[in-house]
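Spelled out, the chains give:
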Amino acid sequence: MENDYGAESIVALEGLEPVRKRPGMFIGSTGISGLHHLVYEVVDNSIDEALAGFCRNISVIIRKDGYVTVVDDGRGIPVEHHAQHKMSALTVALTKLHAGGKFDKKSYKVSGGLHGVGVSVVNALSDHLVAQVRRNGKIYEQEFKKGNPLSEVTIKGDSSETGTTVSFYPDFSIMEKNEFSFDTLSQRLRELAFLNKGIKIKITDERTGKEHEFQYQGGIKEFVTYLNKNKESINDVFYLEKQKDDVAVEIAFQYNDTYSDIIFSFVNNINTVEGGTHLVGFKSALTRTINQYAEKTNIAKGVKVSSDDVLEGLTAVVSVKVQEPQFEGQTKAKLGNSEVKGIVDAVFSAALSSYLEENPGPARKMIEKTINAAVAREAARKARELTRRKGALDSWSLPGKLADCSEKDPAKCELYLVEGDSAAGSSKQGRNRQYQAILPLRGKILNVEKARLNKIMANNEVATMIAALGAGIAEEFNISKLRYHKIIIMTDADVDGSHITTLLLTFFYRYMKQLIEAGHVYLALPPLYKIKKGKTEKYVYSDEEKNIFVSQIGEDGVSIQRYKGLGEMNPEQLWETTMDPRVRSLKKINIDDAVEADRIFTILMGDQVEPRRQFIETHAKDVDELDV
Ligand code: 0RA
């Protein structure tokens, strides 16, 4: 069956019987989608007339009596005598298969529904159809029943306008249900209005009084704006329209701050849901051009952006118009023409690289977005690899540095992230092994080559931490796998300590945001002073507390020791002051803390020198040891 359905055999066909015999072959189905297809088929003819430059307005009316009417203000279907068929050209157009377009070889027929079969198919599947043509100052009309003329073409009156009106009532002995959907038709008409800029398309539902009118001077550029409407966008919409070797290429795209992509591709106004050569050309040009620019401007800093990375947050519409499209794939919705790949690639990469050159600001934002995607993806890969390398995260296969707890219920477990090996040693001895686990963090992780987050991820301690938490990272983060419900950052109360805290919070915020949102992250608050008098010892956590205590016991013979670092406390002291749930105080981190940490991190680690200088100046008194 599929083999009969070549262009040649259709051209050879004359009458409309085959359409009524095998409607599915011509309109896909006799169900609801086939029913809507009838409307699109008529509209497509009007769109063609518009693309030829002769029609500006198209109106679709769903009528109460079950008819659908399509009105356009094109030149009107020719009514003149057709020499070969010895009848009016209008009759030929409506009663012969594939007659449309044959009148006018110059016209660039690009639209046409999935099957592109013409208005005669609609006639064949209509119980009643009225075609009215306004042309030559006259109004002509011809009526049909199940595809057969009920009358000659007759002159009904005078008109100074031109155009075509087709009203049809589907033949429900063939079509299944009379259920024209306003929403379905409206959506496709909106799409057609985006795809064919400037054309005004109106749809009216006389059953309900609903009405939509679409007209987009910006074409698919406005389509992208529409698709990104409720999203935070990263750049203005890029737009390209160019013709090369008979292929018209139109591309619009814009990044938003989400992680998923929306790409619509079209060939001759048909949505190619299976993609094809035009989409391949688009994606490869996008990836290559972004990489080239990122490398040249040194924004990439060695990060290579993959084709997946450039898709993150991308909203794009790729529309091509091709003289002889070859459709392939399961649903014939994939473009096969191989030449189109090179054409789209060439025109798009040229235009995109000039755009990037000419708009360094937006270019930078776009590139950074894709680089962030690449970094996150790489981090996720490393975390996966690490997890795989360590085997399942059972206690015996956990990272060696981790002193795990014996409790298995995550809700009862705590993980202390401890700055420095000596403090980690004390806390390992002082802890309650039942439910407290200790992971040492080397003091200088923040300064790893002026750490960018991606480098930090490669840092062994951080990788170990990801493995110990057990919940993965970035888009693969799964909070239900979290092994500890309290993650407690324990650092010295000095500049290095607060840097490590900033780094960890930034890291959690960017790659494990849910951890913070769910309230799993805490700061340990070690004491600031130890006050000693005779045999009495007291740890205090603030200057106020210190002053109060000293004036209770009197100043004589009192020694006040300021703790410089956790390492100065012995295991018992660490337990008594900082880790024992009965006495310790913890600060629960909320998202605002994390946002602030992220901001500080960006200032400290970012490429912009000026804000960093300002930050350091402002905070000079607290950051005398700063090493950036
Ligand atoms: C063939 C030739 C010409 C116009 C059309 C078809 C035409 C078909 C439809 C179907 C719905 N609306 C339409 N509008 C135009 C051009 C004839 C000329 O040269 O004037």
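Nothing here was measured: the structure is a model prediction, and the numbers come from that model. (Residues numbered from 1 in each chain as written. Predicted model: local features only at pLDDT ≥ 70, side-chain atom pairs only at ≥ 80, totals over all residues. Heavy atoms only, no water.)

A. Representation of the overall build of the protein chain in the model. When its secondary structure is counted, the protein chain shows 21 helices and 26 strands. In the protein chain, buried positions account for 51% of the 628 residues. Counting only contacts in the protein chain whose residues sit at least 6 apart along the sequence, the fraction spanning at least 24 positions is 68%. For the protein chain, the accessible area works out to roughly 29200 Å², and carbon and sulfur atoms hold 48% of it. (Helix = DSSP H or I, 4+ residues; strand = E, 2+ residues; numbered from the N terminus. Buried < 20%, exposed > 50% of the residue type's maximum accessible area, 1.4 Å probe, protein only. Contact = heavy atoms within 4.5 Å. Areas by Shrake-Rupley, 256 points an atom, 1.4 Å probe, with all protein chains shown as cover.)

B. Region of the structure containing the pattern of salt bridges. If you walk through the whole model with that rule in mind, you get 26 salt bridges. One salt bridge in this structure joins Arg377 and Asp309, with 2.4 Å as the shortest N-O distance. Note that Arg377 is positioned in helix α12 (residues 360-389) and Asp309 in helix α10 (residues 307-311), a separation of 68 residues in sequence. Taking the relative accessible area as the measure of exposure, Asp309 reaches 3% and is therefore buried. Taking the shortest distance from any N to any O, the salt bridge between Glu596 and Arg599 comes out at 3.0 Å. On the criterion of helical spacing, the pair formed by Glu596 and Arg599 is a turn pair, its members being three residues apart in helix α20 (residues 591-605). Linked by salt bridges that have partners in common, Arg20, Asp127, Lys145, Lys146 and Asp171 make up one network. (Salt bridge = Lys/Arg side-chain N within 4 Å of Asp/Glu carboxyl O.)

C. Here's a closer look at the packing of helix α15 (residues 460-469) against helix α16 (residues 495-511). Axis separation between α15 and α16 bottoms out at 13 Å; the angle between their running directions is 50°. Between α15 and α16, the angle falls in the class oblique. You can see that α15 and α16 cross each other, and the crossing is right-handed. Facing Val462, Met465, Ile466 and Leu469 of α15, the residues of α16 in contact are Leu504, Phe507 and Phe508. Looking at the contact of α15 with α16, its residues break down into seven nonpolar, no polar and no charged. (Axes fitted to C-alpha atoms, helices over the stretch in contact; angles between N-to-C directions. Parallel < 35°, antiparallel > 145°, perpendicular 65-115°, else oblique. Left-handed = near helix turned anticlockwise from the far one by under 90°. Nonpolar A, V, L, I, M, F, W, Y, C, P; charged D, E, K, R; others polar.)

D. Local environment of the pairing of strand β20 (residues 436-441). In terms of burial, β20 is a largely internal element, six of the six residues being buried. Here β20 shows two buried faces, one formed by Gln436, Ile438 and Pro440 and the other by Ala437, Leu439 and Leu441. Taken together, the six bridges between strand β19 (residues 414-419) and β20 define a ladder with parallel strand orientation. Bridge assignment links Tyr416 to a residue of β20, and that residue is Ile438. Running through helix α13 (residues 421-430), the crossover from β19 to the neighbouring parallel element β20 is right-handed. (Pairing = 2+ DSSP bridges. Right-handed = clockwise from strand over helix to strand, strands pointing away.)

E. A look at the environment of Val130. Here Val130 shows up in strand β5 (residues 126-135). The exposure class assigned to Val130 is buried, which follows from its relative accessible area of 17%. The spatial distance from the C-alpha of Val130 to the C-alpha of Thr69 is 9.2 Å, given a sequence separation of 61 residues. If sequence neighbours within four positions are ignored, Val130 has contacts with Glu141, Gln142, Glu143, Thr165, Val166 and Ser167.

F. Examining the pairing of strand β24 (residues 536-540) more closely. Of the strand pairs in this sheet, strand β23 (residues 529-533) and β24 are connected by five bridges, and their pairing is antiparallel. What sits directly across from Lys532, in β24, is Glu537. In this structure, the hairpin formed by β23 and β24 is closed by a connection of two residues, where Gly534 is found at a positive phi of approximately 60°.

G. View of helix α9 (residues 277-296). In a regular helix each residue adds 1.5 Å, so 20 residues correspond to 28 Å; α9 covers 28 Å between its end C-alpha atoms and thus fits that length. Remark: Asn298 follows α9 within two positions and exhibits a positive phi of approximately 65°. (Expected span 1.5 Å × (residues − 1).)

H. Main features of the sheet that holds strand β22 (residues 521-524). Within the open sheet, the five strands sit side by side as β20-β19-β21-β22-β26. Their pairing is mixed. Bordering the open sheet on either side are β20 and β26 (586-588), each of which pairs with just one other strand. Direction aside, the axes of adjacent strands within the sheet are offset by 25° on average. In the sheet, β19 pairs with strand β21 (residues 486-490) via five bridges, with the strands oriented parallel. Each bridged residue has a counterpart across the sheet, and for Leu417 the counterpart in β21 is Ile489. Lying on the sheet, α15 is in contact with β19, β20 and β21; it crosses β20 at an angle near 160°.

I. Representation of the site of the ligand within the structure. The full set close to the ligand counts eleven residues, and Asn45, Glu49, Asp72, Arg75 and Arg135 are the nearest of them. In this structure, a nitrogen atom belonging to the ligand sits 2.6 Å away from a side-chain N or O atom of Asp72. Taking Arg135, its side chain carries an N or O atom lying 2.8 Å from an oxygen atom of the ligand. When the ligand is considered free in solution it has 460 Å² of accessible area, and contact with the protein chains removes 82% of it. Ranked by residues supplied to the shell around the ligand, first place goes to helix α4 (residues 32-51) with three residues. (Near = heavy atom within 4 Å. Polar contact = N/O pair within 3.5 Å; in protein donor to acceptor, adjacent residues only side chain to side chain.)

No statement about biological role is implied by the geometric values presented.
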